[in-house]
Amino acid sequence: EPYKGMAVLIKALFLLLVYLFMWPLVTRYRETRLAWKTATELESTYRALVSYKDDFETTVEIGVGGHMVPTKASGKLIFERPNKADLTMKSDFSTPEIQVRVTCDGRTAAVYSPTGKQFRIMEAAGTGSPFDLPPSVSRQLGPMRLMPLYRMFLEPEAAQRFLKDAENIQYTGTAELDGRKMRVL
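Residues numbered from 1 in each chain as written. Predicted model: local features only at pLDDT ≥ 70, side-chain atom pairs only at ≥ 80, totals over all residues. Heavy atoms only, no water.

A.B. asks: Would you mind showing me how to read the environment of E97 here?
C.D. replies: Here E97 shows up in the loop between β3 (84-91) and β4 (98-104). A relative accessible area of 40% places E97 in the partly exposed class. Considering only alpha carbons, one finds E97 and A73, 24 residues apart in sequence, at a separation of 9.7 Å. In contact with E97, not counting residues within four places along its chain, are K90, S91, D92 and T115. (Helix = DSSP H or I, 4+ residues; strand = E, 2+ residues; numbered from the N terminus. Buried < 20%, exposed > 50% of the residue type's maximum accessible area, 1.4 Å probe, protein only. Contact = heavy atoms within 4.5 Å.)

Below you can see the structure in the form of structure tokens.
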């Protein structure tokens, strides 16, 4: 009888140790698979997009004379495959604040600046991407150019290499956005 109780205790301790050591491995494996599954679904969704629309706001801190100066920008992007973009952006990088609207088809860009009451049609940046602004417009906007996130998912070449270039994707849980459960990477 005493050996029977000891055998049950040893089995229970063994199961507890297996649980304590194996559960983190199983959880990590499951979360890694879920992270890659989510990234794959994200890539597929963006690759299949025909058009995309977004309103954005951003703040970038620029080092000037040893001080960090916040620079703000906001705007709207309308993108249509294969390479058309309509970008309206306002930036406080320069004084007075600059407002620009750029419509680009990858070959030509129409630039309108209500602040300066100017309109120009010019060659695009030469890369064939609607996200590359003409150099004169880029200089005026400073660091408030089109966000890398748009390039990462909307440019055809970028969408094709997203999973190959992705590193250290980690699942961090779920969150709710507009009443819908989302996976957070």
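Read on for the rest.
A.B. asks: Honestly, the pattern of salt bridges in this entry has me stumped. Any pointers?
C.D. replies: If charged atoms from side chains of opposite charge come close, those side chains can pair. Overall, the coordinates contain 4 salt bridges when judged by the stated rule. R47 is paired through a salt bridge with E43; the nearest N and O atoms lie 2.9 Å apart. Separated by 4 residues within a single helix, R47 and E43 lie in helix α1 (residues 2-48), roughly one turn from each other. A relative accessible area of 44% means that R47 is categorised as partly exposed. Under the relative-accessibility criterion, E43 is labelled buried at 8%. Ionic pairing is found between D86 and R101, a salt bridge with its closest N-O pair at 2.4 Å. Placement of the pair is D86 in strand β3 and R101 in strand β4, with a sequence separation of 15 residues. (Salt bridge = Lys/Arg side-chain N within 4 Å of Asp/Glu carboxyl O.)

A.B. asks: Could you clarify how one ought to interpret unusual backbone geometry in this entry?
C.D. replies: A negative phi angle characterises most non-glycine residues, just as the trans form characterises most peptide bonds. Of note in this structure, N168 is not a glycine but carries a positive phi near 55 degrees. Counting through the fold element by element, N168 comes out in the loop between α4 (156-165) and β7 (173-177). Taking the relative accessible area as the measure of exposure, N168 reaches 63% and is therefore exposed.

A.B. asks: Mind showing me how you'd approach the sheet that holds strand β1 (residues 51-64) here?
C.D. replies: Spatial ordering of the open sheet is given by β1-β2-β3-β4-β5-β6, a layout of 6 strands whose pairing is antiparallel. Every other strand in the sheet has two partners, leaving β1 and β6 (118-123) as the edge strands with one partner each. Along the sheet, successive strands turn relative to each other by an average axial angle of 15 degrees, direction set aside. As judged from the 6 bridges shared by strand β5 (residues 108-113) and β6, these two strands associate in the antiparallel manner. Note that in β6 the partner of A110 across the bridge is I121. (Pairing = 2+ DSSP bridges. Axes fitted to C-alpha atoms, helices over the stretch in contact; angles between N-to-C directions.)

Limitation: the analysis is restricted to geometry and does not speak to function.
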